[in-house]
Amino acid sequence: DANFTIDQALPVELLSFTAKKETNESVALHWRTGLEINSKHFEVEKSNNGHDFSVLKIVTAKGNSFREETYVSNDNNPFSGDNYYRLKQVDFDGNFFYSKIISINFEEGNNRLLLFPNPAQNKVTVSEKNGAVINEVVIYNQLGQEVWNGEIFNNTIHFGPLTSGIYILEAKNEEVKIRERLIIE
């Protein structure tokens with residue numbers, strides 16, 4: 001008789017991972033697994049350049065499953081332009097693997113914001129290319145978390161000290177929300 005142990009769990013079998021534009025403001029991410037052993041969770045990661053990823057959401061895995069499982073997660077603050085996503089599947093023992101990177105382009109049509117200066121430091125002038133009046137502005141970090149909101153005065157917003165990085169500035173008027181990337185130095 002031969003006794004042996006397997007000290008590494010079988011990997012999760014990822015059958016598919018897709019992104020599709022759900023509404024004018026969100027992207028739906030779908031993935032399916034065919035087998036899960038020792039699977040703790042999936043980290044849905046997001047990037048605007050395909051290299052620098054941050055965690056968008058953590059989705060609890062089924063743990064152990066020998067049948068097809070389906071998962072869905074939404075990105076409610078997609079970047080204007082290209083959005084890149086990948087899954088990080090994490091086991092209970094800490095082992096993990098990454099899925100392939102998928103992308104979707106989220107253009108907002110002809111409604112575009114002009115931000116000046118961009119990169120900015122603590123204020124930015126905002127105008128809409130089609131001349132629409134902007135009533136309210138919200139700034140989100142790369143995780144989609146709101147970090148500033150307020151009214152706009154003379155097309156300028158003073159957002160104060162935010163750490164250096166890439167943000168999404170969302171401008172609203174009566175008809176539409178427009179998002180544009182804002183870089184803060």
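What counts and what doesn't
- Residues numbered from 1 in each chain as written.
- Predicted model: local features only at pLDDT ≥ 70, side-chain atom pairs only at ≥ 80, totals over all residues.
- Heavy atoms only, no water.
- Salt bridge = Lys/Arg side-chain N within 4 Å of Asp/Glu carboxyl O.
- Helix = DSSP H or I, 4+ residues; strand = E, 2+ residues; numbered from the N terminus.
- Buried < 20%, exposed > 50% of the residue type's maximum accessible area, 1.4 Å probe, protein only.
- Contact = heavy atoms within 4.5 Å.
- Polar contact = N/O pair within 3.5 Å; in protein donor to acceptor, adjacent residues only side chain to side chain.

**Focus on the pattern of salt bridges**
Under the defined criterion, the tally for this structure stands at five salt bridges. Arg-86 is the partner of Glu-45 in a salt bridge, and the nearest nitrogen-oxygen pair spans 2.6 Å. Linking Glu-45 in strand S3 (residues 39–47) with Arg-86 in strand S6 (residues 81–91), this pair joins segments that are 41 residues apart in sequence. With relative accessibility at 5%, the residue Glu-45 sits in the buried group.

**Overview of the environment of Glu-68**
Note on placement: Glu-68 falls in the loop between strand S4 (54–60) and strand S5 (69–75). A C-alpha to C-alpha distance of 9.0 Å links Glu-68 and Glu-36, two positions 32 residues apart in sequence. If sequence neighbours within four positions are ignored, Glu-68 has contacts with Leu-15, Arg-32, Thr-33 and Gly-34. A polar side-chain atom of Glu-68 sits 2.8 Å from a polar atom in the side chain of Arg-32.

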